[in-house]
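# Architecture and fold: a report
Each chain is listed here by its residues.
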Amino acid sequence: MASLSESLKDLQELIAEFYELADYTPLGAKEYNEKDMCNIDKGTHAQFALNNILSLNYGYQSVDSGSPWLPYWLTNILEITMNPIEELPSVLRKKLTKFLKNLHNDESGGFRGQISLQSHIASTYGGLMAIVNIGTEEAYQIIDKQKMKEFLTEVFCKVKQEPSSTLKSSEMKVGENGAYIMHENGEYDLRACYCALIIADILGFLPDPDLTEGMSDLIASCQTYEGGIACNPYGEAHAGYTYCGLSCMILLGEVDKLNLDRLIEWAVNRQLEMEGGFNGRINKLVDSCYNFWMGAIFEMVDMATKGKANIDGQWLCSQLALQGYSIFCCQSSEGGFKDKPRKGVDVYHTMYALAGTSICQHKSHFHQKKVEEISEENKEDDPELSEGDDFDEVCILSKNYNNLLARLSPIYNARMCLVKKAKEFYKEN
Amino acid sequence: MADSDGESLYEGKEYIPMDEKLDKWADVEPIEQYTQENDPGVCKIDYTPGFEEAMRYFRALLNSNEISRRMLELTQVVIKVNYGCYTAWYIRRKCLDEIGTEEDWQNEIKYLNKIGIALEKNYQIWHHRRCIVQKLNDPSNEKQFMEGILKSDDKNYHAWSYRIWFIKYFNLFDGEMEFIEKMIQDNPVNNSAWSYRYFLVNHTKEFGKETVEQEIQYAFQQIKDYKLDNEAPWVYIRGFLAKTDEEAKRSQRPNSSAKRIIITDFPFVKETCLQMLKDYEEGAHGYRFINILLLDYLIGEGLKEEANEVIDKLATVYDPIRENYWKYRKIS
Ligand SMILES: [Zn+2]
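Quick caveat: nothing in here was measured; it's all calculated off a predicted structure.

## Observations concerning the overall build of chain A
Along its length, chain A carries 18 helices and two strands. Relative to a compact globule of 429 residues, whose C-alpha radius of gyration would be 22 Å, chain A shows 21 Å and is just as compact. Relative to its 429 residues, chain A shows a buried fraction of 63%. For chain A, contacts bridging at least 24 residues in sequence account for 70% of all contacts bridging at least 6. Surface accessibility of chain A: about 15,700 Å² in total, with carbon and sulfur atoms responsible for 48%. Side-chain charges of chain A comprise 40 positive and 62 negative groups, with the mean position of each set lying 3 Å from the other.

## Remarks on the packing of aromatic side chains
In total, this model carries 53 aromatic pairs over all chains according to the counting rule given. Between Phe179(B) and Tyr196(B) the ring centres are 6.2 Å apart and the planes differ by 85°, which places this aromatic pair in the edge-to-face class. Of this pair, Phe179(B) sits in helix 10 (residues 176-186) while Tyr196(B) sits in helix 11 (residues 191-204), and the two are 17 residues apart along the sequence. Assessed through its relative accessible area of 1%, Tyr196(B) is described here as buried. Taken together, the aromatic side chains of Trp69(A), Tyr72(A), Trp73(A), Tyr125(A), Tyr194(A), Tyr243(A), Phe292(A), Trp293(A), Tyr348(A) and Tyr352(A) make up a single cluster linked through ring pairs. The residue whose ring lies beneath Lys149(A) is Phe205(A), and the NZ or CZ to ring-centre distance is 5.0 Å.

## Things to note about the packing of helix 9 (residues 157-169) of chain B against helix 10 of chain B
All names here are of chain B. Where helix 9 contacts helix 10, the axes come no closer than 14 Å and their chain directions differ by 165°. With respect to helix 10, the element helix 9 is oriented roughly antiparallel. Note that helix 9 runs across helix 10; the crossing there is left-handed. Along the contact surface, helix 9 presents Trp-160, Arg-163 and Ile-167, while helix 10 presents Glu-176, Phe-179, Ile-180 and Met-183. Across the contact of helix 9 with helix 10, the residue classes break down as five nonpolar, no polar and two charged.

## Concerning the pattern of salt bridges
Under the definition given, this model contains 45 salt bridges over all chains. With a shortest N-O distance of 2.8 Å, Lys330(B) and Asp312(B) are connected by a salt bridge. Note that Lys330(B) is positioned in the segment after helix 17 (323-329) and Asp312(B) in helix 16 (residues 304-318), a separation of 18 residues in sequence. The structure contains a network of salt bridges with shared partners spanning Glu265(A), Arg238(B), Asp296(B) and Arg329(B).

## What to know about the interface of chain A and chain B
Across the boundary between the two partners, chain A contributes 86 residues, which contact 78 residues of chain B. Summing both partners gives a buried area of about 7,200 Å² for chain A against chain B, and 54% of it is carried by carbon and sulfur. Contact with chain B buries surface across chain A, with Gln61(A), Tyr225(A) and Tyr234(A) losing the most and accounting together for 12% of the total. Counting across the chain A and chain B interface gives five salt bridges. The closest approach of N and O atoms between Lys30(A) and Glu323(B), which form a salt bridge, is 2.9 Å. At the junction of chain A and chain B, the tally comes to 44 residue pairs in polar contact (both at pLDDT 80 or more). Elements that contribute at least two residues to the side of chain A that touches chain B include exactly helix 2 (42-54), helix 3 (69-81), helix 4 (90-103) and helix 12 (260-268) of chain A. A breakdown of the residues in the side of chain A that touches chain B according to their chemical character gives 36 nonpolar, 30 polar and 20 charged.

## Considering the confidence of the model for chain A
Across chain A, the average pLDDT comes to 93, with 93% of residues at or above 70. When the criterion is pLDDT under 50, residues 379-389 of chain A qualifies, and its contacts beyond four places in sequence or with other chains add up to 22 contacts.

## Observations regarding the coordination of the zinc ion
All names here are of chain A. Distances from the zinc ion to its protein donors, namely Asp-287 (OD), Asp-287 (OD), Cys-289 (SG) and His-349 (NE2), fall within the range 2.1 to 2.6 Å. Bound by four donor atoms, the zinc ion shows angles of 55 to 121° at the metal and therefore irregular coordination geometry. For the zinc ion, all donor residues lie on one chain, and their spacing in sequence is D-x1-C-x59-H. Taken as a pair, Asp-287 and Cys-289 share a single burial class, namely buried.

## Here we look at the packing of helix 9 of chain B against helix 11 of chain B
Residues and elements named next belong to chain B. In contact at an axis separation of 11 Å, helix 9 and helix 11 are set at 20° when each is read in the N-to-C sense. With respect to helix 11, the axis of helix 9 lies roughly parallel. Considering only the axes of helix 9 and helix 11, their crossing is right-handed. Note on element contacts: helix 11 touches helix 9 through Ser-192, Ala-193, Tyr-196, Phe-199 and His-203, opposite Trp-160, Arg-163, Ile-164, Ile-167 and Lys-168. Of the residues assigned to the contact of helix 9 with helix 11, the class counts are six nonpolar, two polar and two charged.

## Structural notes on helix 4 (residues 69-81) of chain B
All names here are of chain B. If you check helix 4, its first and last C-alpha atoms are 19 Å apart, about what 13 residues at 1.5 Å a residue would give, namely 18 Å. A large share of helix 4 lies buried, amounting to 10 of its 13 residues. Restricting attention to buried positions, one finds in helix 4 the residues Arg-70, Met-71, Leu-72, Glu-73, Leu-74, Thr-75, Gln-76, Val-77, Val-78 and Ile-79.

## A look at a negative patch on the surface
A grouping of Glu6(A), Asp10(A), Glu13(A), Glu17(A), Glu20(A), Asp23(A), Glu34(A) and Asp36(A) is seen on the molecular surface, where their side chains present a negatively charged patch. The topology assignment puts Asp23(A) in the loop between helix 1 (2-21) and helix 2.

## Here's the deal with the domain arrangement of chain A
Residues and elements named next belong to chain A. Here chain A is partitioned into domain 1 (13-36 + 291-429), domain 2 (56-144) and domain 3 (155-269). Contacts between the two partners involve 22 residues from domain 1, matched on the other side by 23 residues from domain 2. For the pairing of domain 1 and domain 2, the buried interface totals around 2,000 Å² over both sides, and the portion due to carbon and sulfur atoms is 69%. Broken down residue by residue, the surface that domain 1 buries against domain 2 is led by Val-347, Phe-425 and Tyr-426, which jointly contribute 29%. For the pair domain 1 and domain 2, the interface holds one salt bridge. In this structure, Arg-415 engages Glu-79 in a salt bridge whose closest nitrogen and oxygen atoms are separated by 2.5 Å.

## Focus on helix 3 (residues 49-63) of chain B
End to end, helix 3 of chain B covers 21 Å across 15 residues, agreeing with the expected 21 Å (1.5 Å per residue, within 8%). The buried count for helix 3 of chain B comes to 11 of 15 residues, which makes it a mostly enclosed element.

## Remarks on the nonpolar core
Within the largest apolar cluster, 255 residues are counted, with the highest numbers of intra-cluster contacts made by Ile121(A), Tyr180(A), Phe328(A), Tyr426(A) and Phe58(B). Every residue in contact with Ile121(A), bar those within four places of it in the chain, is listed here: Phe151(A), Leu152(A), Val155(A), Tyr180(A), Ile181(A), Met182(A), Ala192(A), Cys195(A), Ala196(A) and Ile199(A).

## A word on the environment of Ile77(A)
Residue and element names in this part refer to chain A. Topologically, Ile-77 is positioned in helix 3. In sequence terms Ile-77 and Ala-414 are 337 residues apart; their C-alpha atoms lie 10.0 Å from each other. For Ile-77, the contacting residues outside a window of four places in its chain are His-45, Ala-49, Val-347, Thr-350, Met-351 and Leu-354.

Procedures and definitions
- Residues numbered from 1 in each chain as written.
- Chains lettered and ligands numbered in written order.
- Predicted model: local features only at pLDDT ≥ 70, side-chain atom pairs only at ≥ 80, totals over all residues.
- Heavy atoms only, no water.
- Helix = DSSP H or I, 4+ residues; strand = E, 2+ residues; numbered from the N terminus.
- Rg over C-alpha atoms; globule rule 2.2 N^0.38 Å.
- Buried < 20%, exposed > 50% of the residue type's maximum accessible area, 1.4 Å probe, protein only.
- Contact = heavy atoms within 4.5 Å.
- Areas by Shrake-Rupley, 256 points an atom, 1.4 Å probe, with all protein chains shown as cover.
- Lys, Arg positive; Asp, Glu negative; His and termini not counted.
- Charge placed at Lys NZ, Arg CZ, Asp CG, Glu CD.
- Phe/Tyr/Trp six-rings, centres within 6.5 Å; stacked < 30°, edge-to-face > 60°.
- Lys NZ or Arg CZ within 6 Å of the ring centre and 35° of its normal.
- Axes fitted to C-alpha atoms, helices over the stretch in contact; angles between N-to-C directions.
- Parallel < 35°, antiparallel > 145°, perpendicular 65-115°, else oblique.
- Left-handed = near helix turned anticlockwise from the far one by under 90°.
- Nonpolar A, V, L, I, M, F, W, Y, C, P; charged D, E, K, R; others polar.
- Salt bridge = Lys/Arg side-chain N within 4 Å of Asp/Glu carboxyl O.
- Buried area = accessible area lost by both parts, 1.4 Å probe.
- Polar contact = N/O pair within 3.5 Å; in protein donor to acceptor, adjacent residues only side chain to side chain.
- pLDDT = per-residue confidence, 0-100.
- Donors = N, O, S within 2.8 Å, 3.2 Å for Na, K, Ca; no water.
- Tetrahedral: all angles 85-135°; square planar, octahedral: opposite > 155°, others 65-115°.
- Expected span 1.5 Å × (residues − 1).
- Patch = residues over 30% accessible without salt bridge, like charges linked within 9 Å, V, L, I, M, F, W, Y side chains within 5 Å.
- Domains from an automatic or database assignment.
- Core = buried A, V, L, I, M, F, W, Y, C linked by side-chain atoms within 4.5 Å.

Structure representation (structure tokens):
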């Protein structure tokens with residue numbers, strides 16, 4: 001196993017070189033004052049997204065069975081990097097709508113991962129989020145709400161199926177009470193719960209015990225001795241599952257079932273002191289997709305504690321050190337972000353690296369408003385998430401305000417105005 | 001099945017286009033991804049020819065709901081080029097259920113063993129394996145298979161989840177403690193192994209003062225033998241102590257059988273921390289972990305001022321990247 005610690009050492013040395021070139025260290029991020037050295041080239045990243053919308057290289061075959069994610073990732077890169085006043089070109093929206101229409105399952109509801117395949121809950125989430133970003137009525141209307149509810153009910157494990165060898169292998173439904181399986185006869189884990197809950201929330205199905213009963217207890221049982229959340233009870237805490245579990249608990253209003261103190265402890269320790277970025281599990285390597293999966297957790301614990309988990313509006317991690325990792329180690333001058341130095345760029349890492357960077361550029365909404373006011377608003381909806389930002393209310397490496405990215409909702413990973421617009425549509429239709 | 005098309009692909013032979021094997025596929029009209037009308041012209045993947053062709057035939061057979069021997073073979077071709085195609089795995093199970101012979105079922109495990117390492121990061125194959133093993137009601141291959149997988153990547157998340165499933169489902173706890181000691185010994189920074197140890201202890205030992213003490217001692221030994229900045233054993237220790245805390249709280253409820261053990265029942269924890277603070281240099285990697293554990297203990301003792309002193313040191317000297325967090329932890 002020497003090779004693993006070896007690769008860690010290699011990586012750290014490489015990162016140290018990058019930082020030295022920029023005369024930067026994660027610990028000194030606060031004092032860093034080389035504006036010209038730390039640009040986020042938003043135009044190039046937007047262009048990278050546009051190029052990929054037109055054509056994707058064969059490497060994306062590996063996500064072919066989850067193809068509704070592609071328009072979501074790509075439009076989200078555009079939403080994050082484009083000036084909020086600009087909008088997606090309407091030709092593009094039309095074409096992306098057509099792309100998604102092909103993948104909607106008119107018979108059993110939800111989205112297929114690819115033409116002819118079964119409906120899949122993660123692809124359904126990806127497809128819906130793409131629709132949210134496209135934001136037109138034509139796109140909203142792709143979804144058949146009634147069928148969608150039937151699909152969700154189909155993959156929800158309201159009562160656990162007793163496992164047995166007398167069952168046909170193609171009829172096993174392996175989820176615990178309160179879980180969702182990914183598709184008919186598919187695997188189960190917390191990603192499916194998150195996807196299902198976001199879908200149900202945006203389409204206005206919640207509250208509905210027929211879609212959520214038992215879920216919060218299941219999630220609570222997945223919180224591990226480390227403090228984070230695993231895919232299954234007694235599994236290992238993982239950034240992605242912790243993100244999914246915590247989001248679900250917030251949407252369900254059941255955060256109290258988690259030990260938040262321990263979750264926060266686990267989360268703050270995911271930031272690596274030398275690299276500045278996050279890893280997703282204890283003793284694993286830094287990776288820019290955790291910019292989002294971890295970064296969002298910090299904003300969400302602040303929401304969950306009604307504004308108690310921030311220091312002068314900043315999250316409980318080092319927001320600046322995270323920005324440094326993204327800019328110096330992951331950004332490609334040709335557009336796009338990589339997971340870590342020496343890797344290639346890809347659409348997935350570009351979106352999640354940018355989304356997490358955006359979250360780490362912004363401050364707590366509770367810092368701007370009195371806690372009492374917020375809790376009033378909470379009664380009817382999520383905390384108000386404003387679009388424009390005052391420069392005092394952001395936290396940008398080297399005060400390079402040109403780098404400011406559009407603000408996202410940590411729970412939905414989309415701009416809140418777009419989520420609201422979609423919700424309003426589905427409330428009426 | 002050994003001489004089927006899919007199987008030969010796994011031997012590394014060249015891909016043979018389907019339409020050259022006219023006899024078997026002559027009656028199939030392959031289906032393109034898009035017609036001219038519904039082609040959106042965006043998010044187009046530049047597919048390799050083998051990928052595209054396998055999917056064209058698969059779509060055709062899917063659309064006619066075919067469950068047959070050639071469909072079973074075709075799923076293998078699809079999986080070869082497009083292992084994330086969950087419906088191919090599903091249809092495979094369906095074919096086995098409907099037309100599989102005893103031999104087919106046995107071959108399925110062999111097939112999964114063969115491609116398992118190449119697809120170790122794939123969700124579908126692990127789920128498929130679980131369905132097949134549950135159906136066969138035979139876990140006799142599993143530990144051996146696992147060995148190869150963990151040799152290739154000892155932190156494979158799917159593999160550890162899968163192990164938890166089959167060990168519990170078939171009640172195979174015998175020998176697991178020895179197995180995990182060896183895994184940790186081979187690579188003490190492997191947190192997946194520590195996490196699995198936690199699962200084992202909680203399923204095989206009675207929770208009580210003795211067990212907690214044993215586990216803490218074990219973890220301390222690993223830290224001392226190996227290295228100070230190994231987060232895994234530190235978190236393991238603090239996880240057990242947090243569990244005693246929860247149990248102690250639960251024990252306050254009426255009719256609770258939970259035991260009232262608390263952190264201060266283990267004074268050696270504090271002693272060990274204080275000794276380690278002396279043994280290591282302040283600048284040593286991982287020095288913060290000693291302080292964090294000590295902090296837990298001081299809080300347990302109700303020593304607020306001393307605890308705050310440690311917190312201040314963490315914020316400014318031992319762990320400044322987490323300055324905000326330590327400010328948040330400050331006890332007022
Ligand atoms: Zn990643």
